[in-house]
Amino acid sequence: MTTPLAWFGLPEEADERALKRAYAKRLKDTRPDIDPEGFQQLRERYEAALACCRQEVQRTATATDGVQTSPPTLADEDLSLPPAAATGPAWHVVQFDDARAEALQKPAPFDAEGFASACIDLAMKADAANLSRWLREQPELWSLSVQQEAGQAVIRMLFRDQPPVNADGFDAMLQFFGLDHALSGLDPFKLQQLRKSLDECHALITRFEPAVAAWNTDPAALNAETVFRWFCAFARNHAFEPAAAALHAQPSLRTWRAREPLARELLELVVRERPPLPAGSALALFHYFRLPELAASQGVSLQDLPGQLEIRWLMLAENEPRLAVRVRDAKKPFGEVKKAERYLRWVRRPFHGWWIVLASLVPGLPTALGLFLWRLSEGNPARLPLTIDPKLVRFCIAAASRHLVSGPRVLIGAIRCAILLLLGGVLDALWFVVLQEPYGEPGSASLLIAAVAITATWAAYLAFLALLFWQRQPEEPMRPRPWLRLLFVPAFCGFGLFIGWAGGNHVVTTCLLLSAASLAYGRFRARNPLPPKQERSRWSSVPDAVFLIALWIALHWGPLMALPALAAWAADLWCQRGRLRLRPLARATFTSSGHS
């Protein structure tokens with residue numbers, strides 16, 4: 001039977017040094033990445049031969065332990081030596097107990113975390129070829145079990161720390177550790193996401209080459225406030241990509257163990273101070289320190305916080321061009337900086353009654369301010385800072401709504417009409433005083449009467465809009481008093497016909513019936529919209545054409561206007577016949593054995 005040492009071509013008395021030289025020669029022909037089974041067999045033979053060498057050393061030491069030596073006599077002493085030399089033997093025997101022999105046989109434990117840290121540090125600096133060569137030259141990885149342990153430690157550190165590693169280096173590590181196939185047990189989708197994220201970070205650092213901050217010289221004195229102040233100052237004057245690159249390039253923050261103690265205090269600083277930051281830079285800071293997960297564990301949501309910080313950043317004086325682009329009209333290719341600056345001054349003023357009066361005097365200003373705030377907040381007014389009065393925000397947005405007869409719209413119109421009436425009365429009084437013309441005579445001007453007519457027209461238009469929005473509501477979900485909305489158009493037509501029959505005023509009759517026809521047609525078209533252009537047929541526009549023709553014919557005699565109004569109302573009832581409800585559905589009642 002061949003002994004383990006003879007398999008390597010060594011005699012039985014060979015030591016560990018000779019065994020390691022023979023193992024290294026065999027290892028050149030049996031590589032772990034080319035012949036895993038042969039390498040595993042070679043490793044087993046090497047461990048068995050190494051155990052034989054150590055047993056031989058222990059056996060020799062045990063045999064030597066029993067030898068007794070007599071102390072030297074005075075005659076045998078060398079008188080030329082000093083007396084102190086005769087107090088002890090000239091040599092001693094080394095004692096090998098069981099614990100030391102076991103320590104010699106047991107290899108040193110493998111530091112997986114330290115190896116993973118060194119491997120990732122090299123992957124961030126070297127290319128894929130040098131990284132693969134370095135991995136092949138590590139003797140600790142010649143064992144398959146150690147190699148598997150090291151691969152798992154590297155993957156854990158990559159997921160945990162998110163270091164900037166390029167895609168080639170990432171692929172080289174996965175290939176060396178055998179983690180690039182489906183049998184590795186790792187999720188391929190998560191691996192692909194990790195590869196993309198790390199490669200993007202590495203590309204950002206390579207592209208911008210950010211400088212290392214001064215606080216990296218003393219990592220022991222690093223604190224959250226230092227990092228917070230540095231990043232806010234840097235991100236305020238730079239775009240998202242340079243800020244993210246600068247954050248990932250700081251050596252003191254490269255590992256999660258260094259960032260984790262700072263995360264909690266950093267979250268408190270961000271939530272309390274709400275610094276002006278671009279949304280992209282804020283998201284980069286949040287994800288790098290994992291602030292959303294930390295906030296969720298404390299019952300806090302950071303979903304809208306990046307948007308709030310960006311609004312504060314846009315409201316800074318140096319960012320007025322960006323603000324103008326943010327709030328510009330979609331029909332215009334560029335923003336108006338002066339107009340955006342003026343609107344920002346308006347919304348920062350205190351909100352009180354005089355503000356409403358002054359804003360009402362400028363034509364279109366309340367509507368423009370509402371659109372400005374809506375676009376600035378991207379449709380979420382809760383993101384706006386508290387430096388803008390929430391009452392002012394609600395007032396302006398309600399005033400800008402074209403599909404609702406809101407209180408702010410009515411108030412602004414009433415203020416304008418009141419000012420118009422006051423101005424008409426004052427001018428009429430001055431006209432009478434200066435020209436001495438009696439008020440109301442034929443040929444005399446009256447601005448007050450014109451103001452009253454304008455006010456009445458505005459009130460009628462506002463009432464018509466309110467009725468139109470009411471009629472255009474869908475049948476589902478069911479609203480209160482559905483029968484009133486259903487019978488309103490016929491009742492309105494009947495009222496117009498009654499006014500024409502009783503008073504004989506065809507102008508009033510025509511106006512009332514024209515309003516009824518407009519309500520009926522608006523109800524029909526809003527609840528039964530036309531299909532898309534590519535799906536329309538030649539008959540899709542027939543109802544519209546018939547209604548317009550009937551309306552044109554009816555204009556020659558007012559009472560005929562009721563026919564197209566009732567026709568549009570009846571067509572809507574026919575199209576909505578499956579959804580009509582005149583009373584709420586009866587709720588199901590459940591009875592138990594103990595209740596009636």
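Caption draft 1: Highlighting the packing of helix α24 (residues 506-527) against helix α25 (residues 542-554). At a minimum axis separation of 12 Å, α24 and α25 run at an interaxial angle of 180 degrees. As far as their axial angle goes, α25 and α24 are roughly antiparallel. Together, Leu514, Ala517, Tyr521, Phe524 and Arg525 of α24 and Pro543, Asp544, Phe547 and Leu551 of α25 make up the contact between the two elements. Grouping the amino acids of the contact of α24 with α25 by side-chain chemistry returns seven nonpolar, no polar and two charged.

Caption draft 2: A look at the environment of Leu186. Of note, Leu186 is situated in the loop between α8 (167-176) and α9 (188-208). When the C-alpha atoms of Leu186 and Ile155 are compared, they prove to be 9.5 Å apart, with 31 residues separating the residues in sequence. The contacts of Leu186, once residues within four sequence positions are left out, are Ile155, Leu179 and Leu191.

Caption draft 3: Molecular detail of the packing of aromatic side chains. The tally for this structure, following the rule as stated, stands at 19 aromatic pairs. Ring plane angle 20 degrees and centroid distance 4.1 Å describe the contact between Tyr23 and Tyr46, whose orientation is recorded as stacked. One end of the pair, Tyr23, is in helix α2 (residues 16-29); the other, Tyr46, is in helix α3 (residues 36-65), with 23 residues separating them in the sequence. Looking at Tyr46, the relative accessible area reads 8%, which means it is buried. Residues Trp355 and Phe395 carry aromatic rings whose centres are separated by 6.4 Å and whose planes lie at 80 degrees to one another, so their mutual orientation is edge-to-face. Residue Trp355 is located in helix α18 (residues 353-361), and its partner Phe395 is located in helix α20 (residues 390-400); the two are separated by 40 residues in the primary sequence. Side by side, Trp355 and Phe395 carry an identical accessibility label, which is buried. Ring-pair connections join several aromatic residues into one group, and the members of that group are Phe110, Phe115, Trp134, Phe176 and Phe177.

Caption draft 4: Structural view of the environment of Leu447. For Leu447, the position within the fold is in helix α22 (residues 447-471). Expressed as a C-alpha distance, the spacing of Leu447 and Leu423, which sit 24 residues apart in the sequence, is 8.3 Å. Setting aside its immediate chain neighbours within four residues, Leu447 contacts Gly424, Leu427 and Asp428.

Caption draft 5: Region of the structure containing a nonpolar patch on the surface. Taken together, Leu422, Leu423, Val426, Leu427, Leu430 and Leu447 make up a surface patch of nonpolar side chains, about 540 Å² in accessible area. At five residues, helix α21 (residues 407-435) tops the list of elements feeding residues into the nonpolar patch. Considering the arrangement of structural elements, one finds Leu427 in helix α21.

Caption draft 6: Molecular detail of helix α15 (residues 305-314). Summarising burial for α15: nine of the ten residues are buried, a large majority. Every buried residue of α15 is listed here: Leu305, Pro306, Gly307, Gln308, Leu309, Glu310, Ile311, Trp313 and Leu314.

Caption draft 7: How the structure looks around the pattern of salt bridges. Applying the stated rule across the entire model yields 21 salt bridges. In this structure, Arg207 and Glu241 form a salt bridge, with 2.8 Å as the shortest nitrogen-oxygen distance. One end of the pair, Arg207, is in helix α9; the other, Glu241, is in helix α11 (residues 240-248), with 34 residues separating them in the sequence. Of the residues examined, Arg207 reaches a relative accessible area of 58% and is grouped as exposed. In this structure, Glu273 and Arg272 form a salt bridge, with 4.0 Å as the shortest nitrogen-oxygen distance. Its relative accessible area of 31% is what places Glu273 among the partly exposed residues. Classification of Arg272 by relative accessible area gives exposed; the value is 56%. What emerges from the salt-bridge pattern is a single network uniting Glu113, Arg156, Arg160, Asp161 and Arg257.

Caption draft 8: Quick look at the nonpolar core. Grouped together as the largest cluster of nonpolar side chains are 32 residues, with contacts concentrated most on Phe231, Leu253, Leu285, Phe286 and Phe289. Listing elements by their share of this core, those giving two or more residues are α10 (224-236), α11, α12 (256-273), α13 (279-289), α14 (291-297) and α15. Among the elements that line this core, the one with the most residues is α10, at seven residues. Ignoring any residue separated from it by four or fewer positions in sequence, one finds Phe286 in contact with Val270, Leu291, Pro292, Leu302, Leu305, Pro306 and Leu309. Judged by nonpolar contacts, the second largest core, of 31 residues, contains Leu323, Tyr343, Phe395 and Cys396.

Caption draft 9: Seen up close, the side chain of Ser143. Position of Ser143 among the secondary structure elements: in the loop between α6 (128-136) and α7 (144-161). Taking relative accessible area as the criterion, Ser143 reaches 12% and is therefore assigned buried. When near neighbours in sequence (up to four residues on either side) are disregarded, Ser143 contacts Phe39 and Arg43.

Caption draft 10: Main features of unusual backbone geometry. The phi torsion at Arg274 lies on the positive side, around 45 degrees, for a residue other than glycine. With respect to the secondary-structure elements, Arg274 resides in the loop between α12 and α13. We classify Arg274 as partly exposed; its relative accessible area is 27%. Within the chain, Arg290 stands out as a residue other than glycine whose phi angle is a positive 55 degrees. Here Arg290 is to be found in the loop between α13 and α14. Relative accessible area serves as the criterion here: at 25%, Arg290 is assigned to the partly exposed category.

Rules of the game
Numbering of residues starts from 1 in each chain and follows the order in which that chain's sequence is written. Reporting in this predicted model follows two pLDDT cut-offs: at least 70 for local features of residues, and 80 or more for side-chain atom pairs to be given and counted; totals over whole chains, interfaces and linings ignore these cut-offs and use all residues. The side-chain values count all of the structure's non-hydrogen atoms but skip hydrogen atoms and water molecules. The angle between two axes is taken between their N-to-C directions and runs from 0 to 180 degrees, where each axis is a line fitted to C-alpha atoms and a helix contributes only its stretch in contact. Secondary structure follows DSSP: runs of H or I at least 4 residues long count as helices, runs of E at least 2 residues long count as strands, and numbering of each begins at the N terminus. When an angle is under 35 degrees it counts as roughly parallel; over 145 it counts as roughly antiparallel; between 65 and 115 it counts as roughly perpendicular; any other value is oblique. Residues count as neighbours in contact if any of their non-hydrogen atoms are within 4.5 Å of one another. Only Asp, Glu, Lys and Arg are considered charged, only Ala, Val, Leu, Ile, Met, Phe, Trp, Tyr, Cys and Pro nonpolar, and every remaining residue, Gly among them, polar. Each Phe, Tyr or Trp ring, with Trp reduced to its six-membered ring, pairs with another whose centre is within 6.5 Å; inter-plane angles below 30 degrees give stacked pairs, above 60 give edge-to-face pairs, and intermediate values give tilted ones. Any residue under 20% of the maximum accessible area for its type is buried, any over 50% is exposed, and the rest in between are partly exposed; the area is computed with a 1.4 Å probe on protein chains only. Residues forming no salt bridge and having over 30% relative accessible area are the ones grouped into patches, like charges within 9 Å of each other and nonpolar side chains (Val, Leu, Ile, Met, Phe, Trp, Tyr) within 5 Å. Using the Shrake-Rupley algorithm and a 1.4 Å probe, accessible areas are obtained, with residue cover drawn only from the displayed protein chains. A pairing counts as a salt bridge when a side-chain nitrogen of Lys or Arg comes within 4 Å of a carboxyl oxygen of Asp or Glu. Among buried residues, the Ala, Val, Leu, Ile, Met, Phe, Trp, Tyr and Cys ones that are joined through side-chain atoms within 4.5 Å form a nonpolar core.

The quantities given are spatial measurements derived from coordinates; they are silent on function.
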